Amino acid sequence: LFDGVYPFYPQQRKAAVFNISTIIVIVVFLTLACSFLLIIPGIRGRARLYWTLRVLLSLFVGVVIVVVQFTGDWETGWVQANTSYKSFSPVQVNADIGLHIGLAGVNITLRGNPVNQINETINYNEHFPWNFGADYDRSYSEGLDKGLPSPILYVAEKFSTQSPCAVHRQYRVASHYASAMLWVAFCTWIISNILFSTPVLIYGGYMLLVTGAFMIFSLLSFSTVRNNPMCLIQIGTVTLHVAYGGSFWLMLAIGLLCFVAGITIVAMHHLNLDLLKAFFNLPEDKAEGYQEMPEVFVNPHFVHKGL
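Given the structure is predicted, the values throughout are model-derived calculations rather than measurements. (Residues numbered from 1 in each chain as written. Predicted model: local features only at pLDDT ≥ 70, side-chain atom pairs only at ≥ 80, totals over all residues. Heavy atoms only, no water.)

Novice: I keep staring at the packing of helix α1 (residues 20–39) against helix α2 (residues 47–67) and nothing clicks. Help me out?
Specialist: The description of two helices packed together rests on the angle between their axes and the distance between the axes. Where α1 meets α2, the axes come as close as 10 Å, and the angle between the chain directions of the two elements is 170°. Looking at the two axes, α1 sits roughly antiparallel to α2. The residues of α2 that touch α1, namely those facing Thr22, Val25, Ile26, Phe29, Leu32, Ala33 and Phe36, are Trp51, Thr52, Val55, Leu56, Leu59, Gly62, Val63, Val66 and Val67. Its residues placed into classes, the contact of α1 with α2 shows 13 nonpolar, three polar and no charged. (Axes fitted to C-alpha atoms, helices over the stretch in contact; angles between N-to-C directions. Helix = DSSP H or I, 4+ residues; strand = E, 2+ residues; numbered from the N terminus. Parallel < 35°, antiparallel > 145°, perpendicular 65-115°, else oblique. Contact = heavy atoms within 4.5 Å. Nonpolar A, V, L, I, M, F, W, Y, C, P; charged D, E, K, R; others polar.)

Novice: What should I look at first to understand the nonpolar core in this one?
Specialist: Residues Leu99 and Phe159 are the most contacted members of the largest nonpolar core, which totals 68 residues. Ranked by residue count, the leading element in this core is α2, at nine residues. When sequence neighbours within four positions are dropped, the list of residues in contact with leucine 99 reads Glu75, Thr76, Gly77, Val106, Asn107, Ile108, Val155, Phe159, Ile233, Leu240 and Val242. (Core = buried A, V, L, I, M, F, W, Y, C linked by side-chain atoms within 4.5 Å. Buried < 20%, exposed > 50% of the residue type's maximum accessible area, 1.4 Å probe, protein only.)

Novice: How should I be thinking about the sheet that holds strand β7 (residues 243–244) in this particular structure?
Specialist: Judged by pairing direction, the sheet is antiparallel, and its five strands sit side by side in the order β4-β3-β2-β1-β7 without closing on themselves. Edge positions in the sheet fall to β4 (120–129) and β7, since each has one partner strand and no second. Pairing between strand β2 (residues 92–101) and strand β3 (residues 105–117): seven bridges, direction antiparallel. Each bridged residue has a counterpart across the sheet, and for leucine 99 the counterpart in β3 is isoleucine 108. Helix α3 (residues 136–146) rests against β3 and β4 of the sheet, and its axis sits at about 160° to β4. (Pairing = 2+ DSSP bridges.)

Novice: How should the environment of tyrosine 154 be read in this particular structure?
Specialist: Turning to its location among the elements, tyrosine 154 is positioned in helix α4 (residues 150–157). Taking the C-alpha atoms as reference, tyrosine 154 lies 9.3 Å from glutamine 234; in sequence the two are 80 residues apart. Other than its neighbours up to four places away in sequence, tyrosine 154 contacts Leu232, Ile233, Gln234 and Ile235. Of the polar contacts made by the side chain of tyrosine 154, one reaches the backbone nitrogen of glutamine 234; its length is 3.1 Å. (Polar contact = N/O pair within 3.5 Å; in protein donor to acceptor, adjacent residues only side chain to side chain.)

Novice: What exactly am I supposed to notice about the confidence of the model for the protein here?
Specialist: Low-pLDDT portions of the prediction should not be read for the details of their coordinates. Overall, the predicted model of the protein reaches an average pLDDT of 82, with 85% of residues at or above 70. Here residues 286–294 scores under 50 on pLDDT; set against residues more than four positions off or in separate chains, the count is one contact. (pLDDT = per-residue confidence, 0-100.)

Novice: Whenever I open this one, helix α7 (residues 246–271) confuses me. Can you help?
Specialist: Because an α-helix packs 3.6 residues into every turn, residues spaced three or four apart end up facing the same way. For α7, spanning 26 residues, the distance from its first C-alpha to its last is 37 Å, which sits close to the expected 38 Å at 1.5 Å a residue. The complete set of buried residues in α7 reads Ser247, Phe248, Met251, Ile254, Gly255, Cys258, Gly262, Ile265 and Val266. Summarising the contacts, the buried residues of α7 are in contact with α2, α5 (168–195), α6 (201–223), β7 and α8 (273–279). (Expected span 1.5 Å × (residues − 1).)

Novice: Can you help me understand the UniProt feature "transmembrane region" (unreviewed entry) in the protein in this one?
Specialist: UniProt tags residues 16–39, 51–70, 177–196, 203–222 and 242–267 as "transmembrane region" (unreviewed entry). For residues 51–70, the end-to-end C-alpha separation is 30 Å, with 85% helix and 0% strand making up the annotated structure. Across residues 203–222, helical content stands at 100% and strand content at 0%; the span's end C-alpha atoms are separated by 29 Å. (UniProt positions renumbered as here; feature names shortened; annotations may be inferred.)

In structure tokens form, the structure reads like this:
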């Protein structure tokens, strides 16, 4: 104590800008990409372009599969409204309220217009997890204890287990299976890259099709939450609506890309195998090498000795 007063006080909480897990995943894949770019000058001819295209495209697919596990924009919604800021207070503020739904939970954003109102900084981003092993109701209770603004608590209450909306279980189960299928897709993506380094490229194409299929299955799993109608989220005089966000559409695009790439590889295997091997920089078969030999010289001494 300093003259009976605590000398240190906790700083005001600030809204989160980036997800730490997402940053870690992106840094890991960027490190792999930069390491490959360092060895690109050692590859000669047209193979350099083929290697660059294959590796960067494959790394992009892999990083998307992992990153969307931690993003919070599978479903998003924004609304601007005049709303009460604190419970049991008639004071109202003008703010943007955002709802961001991910596989691991829900993020609720409250940002004032302007940020500084009623002698306070209104800029919140609160996360309420519902993944297996997390207790959503406990996080909501902690928000009540901390005295979070009323709009955040109001939106968070819609996803609690005690809410009449009854969407908590649907979101939790659908997100769990979507996440599991994405991890399976990540494993099949690794296997496809291993198979592409073997002479039998068609199996890598098949595994790429399996990767795209599990991505689509994850989207279908998450979309089952639309089977139950969502309760109206009425904030002031406006209603907050949610729609599929960037992660959902990005995963759909990558899944379709894997389908197109897999079908192309399988078709090229049957239609033009030489071009496919040239793209993957595979050496020709030994039998083909023997056929290209113009002459063969044999020592007659060893031929007679053998006879």
